[in-house]
Amino acid sequence: MIRYCWYDTPVGRLAVAEEDGSLVSVSSHAPKEGREERTPLTDGAGSQLQEYFQGKRQAFSLPLSFRGTPFQLKVWKVLQSIPYGETRSYRQIAEAVGNVKAVRAVGMANNRNPFMIVVPCHRVIGSDGSLVGYASGVENKRFLLELEKGFKK
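The model shown is predicted, which means the values in this text are computed figures rather than measured ones. (Residues numbered from 1 in each chain as written. Predicted model: local features only at pLDDT ≥ 70, side-chain atom pairs only at ≥ 80, totals over all residues. Heavy atoms only, no water.)

A. Seen up close, the sheet that holds strand β2 (residues 12-19). Reading across from one edge, β3-β2-β1-β4 is the order of the four strands in this open sheet, with mixed pairing throughout. Of all the strands in the sheet, just β3 (22-27) and β4 (35-36) have a single pairing partner and so form its edges. (Pairing = 2+ DSSP bridges. Helix = DSSP H or I, 4+ residues; strand = E, 2+ residues; numbered from the N terminus.)

Next up, the structure:
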């Protein structure tokens with residue numbers, strides 16, 4: 001059974017959801033199934049998010065359960081390799097997954113990323129450096145990138 005809890009963050013309330021000892025989502029909306037209930041894992045994720053926003057955490061150490069297509073899984077793995085405070089273009093991600101023509105598909109995989117902030121799709125920008133596409137709004141994307149830039153060591 002999916003259990004989730006809400007956490008207040010500078011980018012709005014985030015629902016952290018877990019099932020069977022792994023996170024299944026970190027999102028601005030509650031999961032379609034499950035019940036609202038705190039667990040040690042949701043609280044741990046909430047603490048790590050708080051540390052991230054305070055500039056004390058640059059990488060997350062949480063058990064994640066990915067559910068997606070093989071292509072989405074490849075994209076999400078590449079997203080996890082983007083260093084804190086850095087960005088990559090959608091084209092660079094497409095190249096990294098082995099299909100330079102899949103720029104739009106990369107954008108769709110980013111949109112379906114179940115782990116907001118934890119799997120940093122906010123670090124993906126347009127080839128011209130523009131902040132395009134972010135499920136939680138471009139303002140939040142800008143905020144996250146500026147936050148990381150300010151705390152990057």
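B. Spatial organisation of the pairing of β3. With respect to burial, β3 is a largely interior element, six of its six residues being buried. Here β2 pairs with β3 via five bridges, running antiparallel. The residue of β3 that forms the bridge with V16 is V26. The turn linking β2 back onto β3 is made up of two residues, and D20 within it adopts a positive phi angle of 55 degrees. (Buried < 20%, exposed > 50% of the residue type's maximum accessible area, 1.4 Å probe, protein only.)

C. Quick peek at the layout of surface pockets. Counted as a void, the largest pocket has a volume near 790 Å³. As for the largest pocket, its lining consists of 26 residues, and the residues nearest its centre are S27, N111, R112, N113 and P114. Elements that contribute at least two residues to the lining of the largest pocket include exactly β3 and α4 (103-111). By residue number, the principal contributor to the lining of the largest pocket is β3, which donates four residues. (1 Å grid on protein atoms, 1.4 Å probe; cavity = no way out; pocket = protein on both sides within 12 Å on 5 of 7 lines; lining within 4 Å. Points joined across faces, edges and corners; volume = space filled by probe spheres on them.)

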